[in-house]
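# Fold and geometry: a report
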Amino acid sequence: VQLQASGGGSVQAGGSLRLSCAASGRTFSNYHMGWFRQAPGKEREFVAAIQWSGGSTRYADFVKGRFTISRDNVKNTVYLQIHSLKPEDTAVYYCAAAYREYTIGPRGPLRYDYWGQGTLVTVSS
């Protein structure tokens, strides 16, 4: 499956963004989906995940209610809505797909099989 992330940009602290990740090439509902991010000089970290059906979600602790992951299996797209953006949210955000057969743990599937190219979010204070 091919993944194309979009929706990043430069925003001021306190603002909101909605990231999108469009999937193509295979049946979207065959995959759990996740969002990760990588800040400059830091390792990539888990942000959120959603079950293939949309019935279950997982979030990183730092999200604290500011992020919402959702998906539309008709539009083959997964979303990440971010509110109350902080400068520390500055990062490249990546979407990823994991086969639906994988079990979802507290931080989503244990592995992901496909990755998008990332979209940059820059938050200024």
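Check the entry above for the structure.
Residues numbered from 1 in each chain as written. Predicted model: local features only at pLDDT ≥ 70, side-chain atom pairs only at ≥ 80, totals over all residues. Heavy atoms only, no water.

### Describing the pattern of salt bridges
Put simply, the rule reads: Salt-bridge detection follows one rule: a side-chain nitrogen of Lys or Arg within 4 Å of a carboxyl oxygen of Asp or Glu. Secondary structure elements follow DSSP: runs of H or I no shorter than four residues count as helices, runs of E no shorter than two count as strands, and numbering proceeds from the N terminus. Exposure categories follow from relative accessible area, calculated using a 1.4 Å probe and restricted to protein chains: below 20% of the type maximum is buried, above 50% is exposed, and the middle band is partly exposed.
According to the stated counting rule, one finds four salt bridges in the structure shown. Between Arg66 and Asp89 there is a salt bridge; the shortest N-O distance is 2.7 Å. Of this pair, Arg66 sits in the loop between β6 (57-59) and β7 (67-72) while Asp89 sits in the loop between β8 (77-82) and β9 (91-99), and the two are 23 residues apart along the sequence. Like Arg66, the residue Asp89 is buried in the burial classification. Between Asp113 and Arg111 there is a salt bridge, with its nearest N and O atoms 2.8 Å apart.

### Let's talk about the pairing of strand β5 (residues 45-50)
For clarity, the cut-off: Here, strands pair whenever DSSP counts at least two bridges between them.
Counting buried residues along β5, five of its six residues qualify, which places the element largely inside the surrounding structure. In the sheet, strand β4 (residues 31-38) pairs with β5 via five bridges, with the strands oriented antiparallel. Counterpart to Arg37 in the pairing with β5 is Glu45. Both β5 and β6 contribute to a ladder of three bridges, which runs antiparallel. Along β6, the bridge assignment pairs Ala49 with Arg58.

### Here we look at the state of the cysteines
Using the following cut-off: Criterion for a disulfide: a pair of cysteine sulfur atoms at a distance within 2.5 Å.
Enumeration over the complete set of coordinates arrives at one disulfide. Across the disulfide, Cys21 is cross-linked to Cys95 (sulfur-sulfur distance 2.1 Å). Every disulfide takes its handedness from the sign of the S-S torsion; for Cys21 and Cys95 that torsion is 60°, giving right-handed. One end of the pair, Cys21, is in strand β3 (residues 17-24); the other, Cys95, is in strand β9, and 74 residues separate them in sequence.

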